[in-house]
Each structure stands twice: as C-alpha cells, then as structure tokens.
Protein chains: 2
Amino acid sequence: MPAVLSIVGRSKVGKTTFLEKLIPEMSRRGYRVGTIKHDAHDHFEIDHEGKDSWRHREAGAQTVAIGSPSRFALMKKIEKELDLDTIIATYFPDEDLVFTEGYKSGNKAKIEICRKDLQSEPLCSQADRLIAVVSDFSIPLEIPSFDLENIVGVADFIEERFLGREKGPNIVLRLDGKKLPMKSFVKEFVMGGILGMLSSLRGYENPAQVDISIRLKKD
Amino acid sequence: MPAVLSIVGRSKVGKTTFLEKLIPEMSRRGYRVGTIKHDAHDHFEIDHEGKDSWRHREAGAQTVAIGSPSRFALMKKIEKELDLDTIIATYFPDEDLVFTEGYKSGNKAKIEICRKDLQSEPLCSQADRLIAVVSDFSIPLEIPSFDLENIVGVADFIEERFLGREKGPNIVLRLDGKKLPMKSFVKEFVMGGILGMLSSLRGYENPAQVDISIRLKKD
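Residues numbered from 1 in each chain as written. Chains lettered and ligands numbered in written order. Predicted model: local features only at pLDDT ≥ 70, side-chain atom pairs only at ≥ 80, totals over all residues. Heavy atoms only, no water.

Side note on the overall build of chain A
Tallying secondary structure elements over chain A gives 5 helices and 10 strands in all. Scored against the burial criterion, the 219 residues of chain A give a buried share of 44%. In chain A, once contacts between residues fewer than 6 apart in sequence are set aside, the share between residues at least 24 apart is 52%. Within the structure as shown, chain A displays about 12300 Å² of accessible surface, and the carbon and sulfur contribution to it stands at 51%. With 33 positive and 34 negative side-chain charges, chain A shows a spacing of 4 Å between the two charge centroids. (Helix = DSSP H or I, 4+ residues; strand = E, 2+ residues; numbered from the N terminus. Buried < 20%, exposed > 50% of the residue type's maximum accessible area, 1.4 Å probe, protein only. Contact = heavy atoms within 4.5 Å. Areas by Shrake-Rupley, 256 points an atom, 1.4 Å probe, with all protein chains shown as cover. Lys, Arg positive; Asp, Glu negative; His and termini not counted. Charge placed at Lys NZ, Arg CZ, Asp CG, Glu CD.)

As for helix α3 (residues 84–91) of chain A
Residue and element names in this part refer to chain A. Along α3, the positions that sit buried rather than exposed are L84, I87, I88 and Y91. Angularly, the buried residues of α3 cover 100° about the axis, an arc narrow enough to put them on a single face. Of the residues flanking the start of α3, the one acting as N-cap is D83, its side-chain oxygen 3.1 Å from the backbone nitrogen of D85. (Arc of directions from axis to C-beta. Polar contact = N/O pair within 3.5 Å; in protein donor to acceptor, adjacent residues only side chain to side chain.)

Things to note about the side chain of S135 of chain B
All names here are of chain B. Mapped onto the elements of the fold, S135 is located in strand β7 (residues 130–135). Engagement of the side chain of S135 in a polar contact is seen with the backbone oxygen of F137, the distance being 2.9 Å. Contacts of S135, omitting those with residues within four sequence positions, involve C114, F146, D147 and L148.

Description of the pairing of strand β3 (residues 63–67) of chain A
For a regular strand, side chains alternate in direction, first toward one face of the sheet and then toward the other. Summarising burial for β3 of chain A: 5 of the 5 residues are buried, a large majority. Here β3 of chain A shows a buried face lined by T63, A65 and G67 of chain A and a second buried face lined by V64 and I66 of chain A. Summarising the sheet, β3 of chain A and strand β4 (residues 71–77) of chain A pair through 5 bridges and their orientation is antiparallel. Within β4 of chain A, the residue paired with T63 of chain A across the bridge is K76 of chain A. Hairpin geometry of β3 of chain A and β4 of chain A is characterised by an intervening segment of 3 residues between the two adjacent antiparallel strands. Bridging between β3 of chain A and strand β2 (residues 33–38) of chain B involves 5 bridges; their strand directions are parallel. (Pairing = 2+ DSSP bridges.)

Here is the structure:
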C-alpha cells in the first residue's frame, strides 16, 4: 500500500501549482506517484461530449472504462462518496506515494499550503494530523515549516517521514509496472551484477542514479 | 462477477449507436450495466486541459483519480495493455452486465453488428465465440440473427443466455450500490413483506416492476 499525504489549503492558495512542482521531484527520486483530487461540489468535467464513452454513460452505463495499450480510464456513478482508504486500496495498489489534493476532513496526514494574503493562520491543526506547513509567512506551530519555493526541502521531509528512505544504494525492480519484492541479499546480488556489467561501459562514470527500461515484446 | 459480452464490428458500422439503445433497455430491466471501450490506437482523449487532474498527470503522476459525492474517475498510465479479465475483476465488481465495445480479439462471447453497405460477411466466426449477429442482411450462420432495430429481441437473448433470468418474481437488494446476496427463502420473506405493505396503498394495481429507493442519510 502506498504512503498517503493530503495537500490541503484554502481555495486558490496554490495547491495544484505546488503539486505540479512536487510530483516531478518525487518521480525524479524514483517513486511512482498517484494523485486523488477532491471535488466536494460534483463540478468536475471529464470525458468529451459525443465520444463513445460519453455516449455509453449518457445511455445509462454505471461504470465506463476505456482501455488502450498505454492508458486506462474509468468513470463511475456512485451512490455514496468513496472514502480515501477504499479508493487507495482499490485503485492505487502499484503506487509508492499518493497525494490527495483536498480531503481536508479525511484521516490522512496533511501538509497545508498557506499564503498571507489569504489568511492569518492555517485551516488545520495538529489535531487534524497537520504535520507541516508550506507558507510565505511565519506560523507559530511546533511542526516543520517550508517556504513555498522549497520543493526539495518538502521532498526530503516526505522521504524521511513517509518513505523510509533506505540509506545507501537500493534497487527497485518492476515487472509490467508491478514492484517485485526482493530480500536484501537478492537486491545486493542483482545490483552488483548489473552495476558490474555497466561499469565496463564507455561513458559510465559513477552515476548517482541508474534507470533501466527493458521492452521484451514488441506489440 | 458480471456477465461480459463484446459488441464487435467494422469501424463505423454503428457499435456505439447500438449500445446507446441496448444499455437503457438492460438498465430498464433492472441490471446494472458497465461498458469498456477499446481504443487500439491510443487516440482517446479524456480530461480537459488545464484542469487540476490534467495538471497532476502532466506533472508525472502515474495514476490520477477524482472523487466527488456522486462520481469517481480514474486515469492511469500503463506499461502493458490490461486484459479484459483484469479490468473486469478490478473495476467492475458491482455490475451485473458489462458490454465491451471492441476487444474483437478478446476471449469473450461476441455479438457482431453487420451492415450490407460495409461487408458481405461477418468479421468474426463461431471460432471467435461469435454467438449472434445484428444485421440488415441475411447471414448464413447457425447462430441467432437480429434486425438492427430489434433491441428487445437482443435484450431477451442476452437475459436468457447470460443472466439466467429467474422465472417468476425476484428481488434484488442493493446497499450503497452493493448487491446483498439473499437465499431464496429470505428473498421470498422480504418480498412478501414489502409487497404486502404496498398492496394496501391506494393506486397500487398489480405492477410488473417495483423499484424502491431509500435515502437514510442526508449529506
């Protein structure tokens, strides 16, 4: 199950803008990131009028999916709002880290974005599981506080607090997108073998990160 | 697990138009219908540029969901196309019946839509699990054939062949959208109790179908 962190804050405070910087920073560090956007007012628009999937929904299909070689999409009509634990267990089994945008009243750990032109104090408190603030003014709470531009600082904090960043080298192996669990000695063996081979390649000069992607079947 | 039936046929033969008529007919009969559209060429457009969920995806999130009180949507980047059995087991647990549009090379039973201005024979054969054709010309195959406008006939065929339509009265009870399994004697007991109450209401005159929707909590 992925680590889950809710990014909360007042409307227009810049939650999406902040996530647009944080998501690529976490991806760059090798984590598979998912997001869940909360739309309290049922305003969201998805799909495009006139498309086949749109026509299926209009005709009364409860659940409509679209499958293609590189993407998958799903739209469901529901009777009762899904809670975060259900959404994550059902739909995010392969992610390492899931950010929610919103879900202020959910039960997940929260980072609040604050801006002085919108507020004098955060919306949430430690009682709501607020664990850090990202802000352009000083907030008198006993939790970490980051400047709005300090994406690296927030990413470090998330790694340390939620992702149990392992010290030293590590390898993550995914088969068809699914992480393959490996014991420490297997990891060391595989990593040693791969790096041993690569180290003899011309141009291989002590990289900090190695990403290998192998396609075995051409569709 | 729902019954699954693939609606196949040449491009532009009218698969979506046919489903636009068949879905409401099956819904009217009390079935919860889902659909899966196959897009072999990765052309599908979903989401709208500039929306928060779109921005999350652009930033590199692998899976993006949107939750609201009455709808749920999900978009995933995948490494390898999902097969129908995986899609159905993961995403359609609560449907009674799932139609796929396309998935001609899938392993599900198929109904092919045929039109004489596009072809002289069907694309699929009984070896592909073709079980019926819907067509505007006569097709010399030993399987049922329906006229393009005979939606009721196709719906009857699907009910008899796939949905094990029970003879006589039946009750389906859903709690928060999830079907509650009931043994026959419980069904009879509940149905008898409800119909007993309703039968004393003014205006109750031997209906063929009774649908009751109860909302217990006001959000």
